[in-house]
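Residue-level structure breakdown
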Amino acid sequence: MATYAIGDVQGCFQALLGLLERIAFDLKRDRLWFVGDLVNRGPDSLATLRFVKGLGESAVCVLGNHDLHLVAVAEGHAVLRKDDTLEETLSAPDRAELIGWLRQRPLMHTEGGYAMVHAGLLPSWTVARALELAREVEHALRAPNYASLLARMYGNGPDRWSDQLTGYARLRVIVNAMTRMRVCTRDGAMQLRYKGDSTVLPAGVLPWFAVPGRASSATPIIFGHWSALGLVLEPNVVGLDTGCLWGRKLTALRLEGRRLFQFSCQDAATAKRRR
């Protein structure tokens, strides 16, 4: 039995199949952890969703910003952007089943000494505290009135965490940190518009995982979301978005022994080249 963590697929289904062939994935024996953003901008979000859903207990997928965007569009609380590639999914006969399944995915996963989240954790959060906060969002997304969160989910403020936050502002900070954040200040103020690499950062910010004294640093954190950053393999942080959508590679890391596998994604180069 092996567990493989896989970077952002974003609808690049053929690349996913190629990667699974490369690792000799065995449905009866192995497990797949997906870092989120199964869908959007790539050519085949519908097939990707159907496939991962069909893996059942053999797959864990945390929610990414593009996954939440699909759910919000499907429920009428967001509109398609010009570079989205979600129309086929939204018109599929099993749309309701797929969207319902996606909406009930976790925001964060912990197991076997690892934690997995799509984007990152704020520096003041321990893994245990972050997991508690993720469960608050998951409860709201699975509740009968889940549409209320979707309607209030978007926005860049508040830009930092406070235990005194309540209601949808509280949930929005959690969602933004775990699905959108790349950089923040030393005291945890998120700058959500930044999408570049880590070599030329805006003044006063750091990659979220490089903040000194980060409370979650004792646990290896697996994340995606930051394609401009690329592969990160450090003892306490693993970044797996290696830009498959942009024609680079789709990456899997076997957690047992940390063996790396990659599949070239030249087929994805024809996808629209906008985030």
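For the structure, see preceding data.
Heads up: these notes are all about the structure in this document.

What counts, and where the lines are drawn
- Residue numbers run consecutively from 1 along every chain, following the written order of its sequence.
- Selection of residues for local features in this predicted model requires a pLDDT of at least 70, selection of side-chain atom pairs for listing and counting requires 80 or more, and totals for whole chains, interfaces and linings are taken over all residues.
- Only heavy atoms go into the side-chain values, all of them from the structure, while hydrogens and water stay out.
- Helix and strand assignments follow DSSP, with helices taken as H or I runs no shorter than four residues and strands as E runs no shorter than two, numbered in order from the N terminus.
- Residues adjacent in sequence count toward polar contacts only when both atoms are side-chain atoms; beyond that, a polar contact is any pair of N or O atoms within 3.5 Å, and within protein one must be able to donate a hydrogen and the other to accept it.
- Here a residue-residue contact requires only that any non-hydrogen atoms of the pair lie within 4.5 Å.
- Only protein atoms enter the 1 Å grid used here. Points where a 1.4 Å probe fits but cannot escape make up a cavity, open sets with protein on both sides within 12 Å along at least five of seven lines make up a pocket, and a residue lines them when an atom lies within 4 Å of a point.
- Grid points are joined across faces, edges and corners, and a volume is the space filled by probe spheres set on the points.
- For this classification, the nonpolar set comprises Ala, Val, Leu, Ile, Met, Phe, Trp, Tyr, Cys and Pro, the charged set comprises Asp, Glu, Lys and Arg, and every other residue, Gly included, is treated as polar.
- For Phe, Tyr and Trp, where Trp contributes only its six-membered ring, two rings pair if their centres lie within 6.5 Å, and the inter-plane angle classes them as stacked under 30 degrees, edge-to-face over 60, or tilted in between.
- Exposure is judged per residue with a 1.4 Å probe applied to protein chains only, and the accessible area is read against the type maximum: over 50% gives exposed, under 20% gives buried, and values in between give partly exposed.
- Ring-over charges, as used throughout, are those where CZ of Arg or NZ of Lys falls within 6 Å of the ring centre and within 35 degrees of the ring normal.
- Two strands are counted as paired when DSSP detects at least two bridges linking them.
- Every angle, taken between N-to-C directions, lies between 0 and 180 degrees, and every axis is a line fitted to C-alpha atoms, over only the stretch in contact when it is a helix.

The topology assignment puts glutamate 138 in helix H6 (residues 127–142). Here leucine 107 takes part through its backbone nitrogen, which lies 2.7 Å from a polar atom of the side chain of glutamate 138. Setting aside residues up to four positions removed in sequence, glutamate 138 forms contacts with Arg105, Pro106, Leu107 and Met108.

Applying the stated criterion across every chain yields a total of 1 cavity of 30 Å³ or more. Around the largest cavity, the lining residues are Asp8, Gln10, Ser227, Asp241, Gly243, Cys244, Leu245 and Trp246. Its residues placed into classes, the lining of the largest cavity shows 3 nonpolar, 3 polar and 2 charged.

Enumeration according to the criterion identifies 6 aromatic pairs in this entry. Ring centres 5.3 Å apart and planes at 80° place the aromatic pair tryptophan 208 and phenylalanine 223 in the edge-to-face group. Of this pair, tryptophan 208 sits in the loop between strand S7 (206–207) and strand S8 (221–223) while phenylalanine 223 sits in strand S8, and the two are 15 residues apart along the sequence. In this structure, tryptophan 208 and phenylalanine 223 share a single accessibility class: buried. Three or more aromatic residues joined by ring pairs make a cluster, and in this case those are Trp208, Phe209 and Phe223. In this structure, arginine 103 packs its charged tip against the face of tyrosine 146, placed 3.7 Å from the ring centre. Lying over the aromatic face of tyrosine 168, arginine 152 brings its terminal NZ or CZ to 4.9 Å of the ring centre.

Now for the sheet that holds strand S11 (residues 249–254). With respect to topology, 5 strands assemble into an open sheet ordered S3-S2-S1-S11-S12, the strand pairing being mixed. The open sheet has two edge strands with one neighbour each: strand S3 (59–61) and strand S12 (259–264). With strand direction ignored, the average angle separating the axes of adjacent strands in the sheet is 20°. Relative to S11, strand S1 (residues 3–6) runs antiparallel, the two being bridged by 3 bridges. Along S11, the bridge assignment pairs isoleucine 6 with alanine 252.

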